[in-house]
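Understanding the architecture of this molecule
The residues making up each chain are set out below.
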Amino acid sequence: MTKIASNLQIDSTRLWGTIHETAKFGATAKGGVRRLTLGPEDKQVRDWFRKACEAAGLEVHIDALGSMFALRRGRDMSKPPVGLGSHLDTQPTGGKFDGVLGTLAALEVVRTLNDAGIETEIPICIVNWTNEEGSRFAPATMASAAYAGEYSTDNILARKDASGMSVGEALDSIGYRGSEPVGQRKFGAFVELHIEQGPLLEAERKTIGVVDRGQGIAWYDGKITGFESHAGTTPMPLRRDALAALSEVVLAVERIARARGPNAVGTVGEAVIAAPSRNVIPGEIAFTMDIRSPSSETLEAIDSDLRSTFAEIATRRRVEIGFEAIWRKPPTIFNPRLVDAVESATKALGYSHRRITSGAGHDACNLANIVPAAMIFVPCKDGVSHNELEDATQTDCAAGANTLMHTVLALAGVAS
Ligand SMILES: [Zn+2]
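In this text, all values refer to a predicted model and were calculated from it rather than measured experimentally. (Residues numbered from 1 in each chain as written. Predicted model: local features only at pLDDT ≥ 70, side-chain atom pairs only at ≥ 80, totals over all residues. Heavy atoms only, no water.)

In total, this model carries 0 disulfides according to the counting rule given. Cysteine C397 is unpaired, with the sulfur of C380 as its nearest cysteine sulfur at 9.9 Å. (Disulfide = S-S within 2.5 Å.)

Have a look at this one:
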């Protein structure tokens, strides 16, 4: 295998052009993109992407959940390809970069290798995963999760959107129900480039985030049971006020997450009083908690902090506080060899960088469960994402694509 000089660079203008060209599929008045998965705009961008891949000499295959795989042959076709890519669907009021950057940068990598006449030893394969966003169909990252064996294909095909249309029907309606069994196509490694969707890189003026971990998530449903009574006649010391207890619960979640920082976060996102009334002391409240950390030990520690703190609040206030974990996603630990490969590429290219944890879920986090995987982050303006104002610079997008290309070349090797 020959070593490729780090002066091989992608075409920044061409990459920027494709990002803006595809942004017209579902363009919104405020400069964002509305491209819900498996809708008409998603079909438009998929058709565009398929054509562009075929024009670049790739064989495009589609699996039973509509994920697109564009294969560039390598010298040794007995080896599973290095996968690279992301997603082309967006939030209802999404931006031009979330997912799009990683998918189109992968295309730009292939175009650059074609122009330079470089054949890799191991094949490479661009992926456009179906429904990363999860806003039309739940869950998010459903196709890569099914690919990684977390759900059966039938389970996902039966999921319905708000209008009652199933994933299967939506796939048929745009002609993207493929014949390839989900998970059949194997990868030797998978690398995803993405905007950070957070503020750290920008604040520290770093160009590349070398992602080594993804947040684990614990979701809880909770219920506080006090006693409803008259707001005028019940003396303060005799009250068993569920809402007052919830107020302490919310502050405790905040304090506990902060104490386990900097990477732990905790949120009470929903709270519903069972029978709200101006002159009744609330007797029953349902609430939810979302706790995240890149460390399993921290998630465990927070869980036990919550239990002991809530028990103390419940005793003191003479209410019941029940809560149960309804969903748990372990932290993602990206493959150290691949993380090092990303970091080496970053250094060889001379970009400033730092190790970083992904706060959001990504397709690469699912892939990491079954194959060595890694992610590359670039800054986005003010850390804003899932918003029409989402923005990133041409220079940073190009830096991310160059890092992606040199990581992939290090993993796939150059045929001599
Ligand atoms: Zn995304």
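From this point, the discussion proceeds with the structure in view.
Coordination sphere of the zinc ion, protein contribution only: H87 (NE2), D98 (OD) and H194 (NE2), at 1.9 to 2.2 Å. Spacing between the donor residues of the zinc ion along the chain follows H-x10-D-x95-H. In this pair, H87 sits in the loop between β3 (82–86) and α3 (100–116) while H194 sits in strand β5 (residues 189–195), placing the two residues 107 residues apart along the sequence. Comparing H87 with H194, the two get one shared label, buried. (Donors = N, O, S within 2.8 Å, 3.2 Å for Na, K, Ca; no water. Helix = DSSP H or I, 4+ residues; strand = E, 2+ residues; numbered from the N terminus. Buried < 20%, exposed > 50% of the residue type's maximum accessible area, 1.4 Å probe, protein only.)

So, on to the packing of helix α2 (residues 40–55) against α3. In contact at an axis separation of 11 Å, α2 and α3 are set at 15° when each is read in the N-to-C sense. Considering the angle they form, α2 stands roughly parallel to α3. As α2 packs across α3, the resulting crossing turns out to be left-handed. Two secondary-structure elements touch here, α2 through W48, F49, A52 and C53 and α3 through T103, L104, L107 and R111. Looking at the contact of α2 with α3, its residues break down into 6 nonpolar, 1 polar and 1 charged. (Axes fitted to C-alpha atoms, helices over the stretch in contact; angles between N-to-C directions. Parallel < 35°, antiparallel > 145°, perpendicular 65-115°, else oblique. Left-handed = near helix turned anticlockwise from the far one by under 90°. Contact = heavy atoms within 4.5 Å. Nonpolar A, V, L, I, M, F, W, Y, C, P; charged D, E, K, R; others polar.)

Attention now moves to helix α9 (residues 296–317). Here α9 contains 22 residues, and its C-alpha end-to-end distance of 31 Å stays within 8% of the 32 Å for a straight helix at 1.5 Å per residue. Looking only at α9, the buried set comprises T298, L299, A301, I302, D303, D305, L306, T309, F310, I313 and A314. Backbone geometry just after α9 places R318 at a positive phi near 55°. (Expected span 1.5 Å × (residues − 1).)

Here E133 shows up in the loop between β4 (124–128) and α4 (142–147). In sequence terms E133 and G361 are 228 residues apart; their C-alpha atoms lie 9.5 Å from each other. Ignoring anything within four residues of it in the chain, the contact list for E133 reads H87, D89, T90, Q91, D98, A140 and H386. Only 2.8 Å separates the side chain of E133 from the side chain of Q91, close enough to count as a polar contact. Looking at E133, its side chain comes within polar contact range of the side chain of H386, at 3.1 Å. (Polar contact = N/O pair within 3.5 Å; in protein donor to acceptor, adjacent residues only side chain to side chain.)

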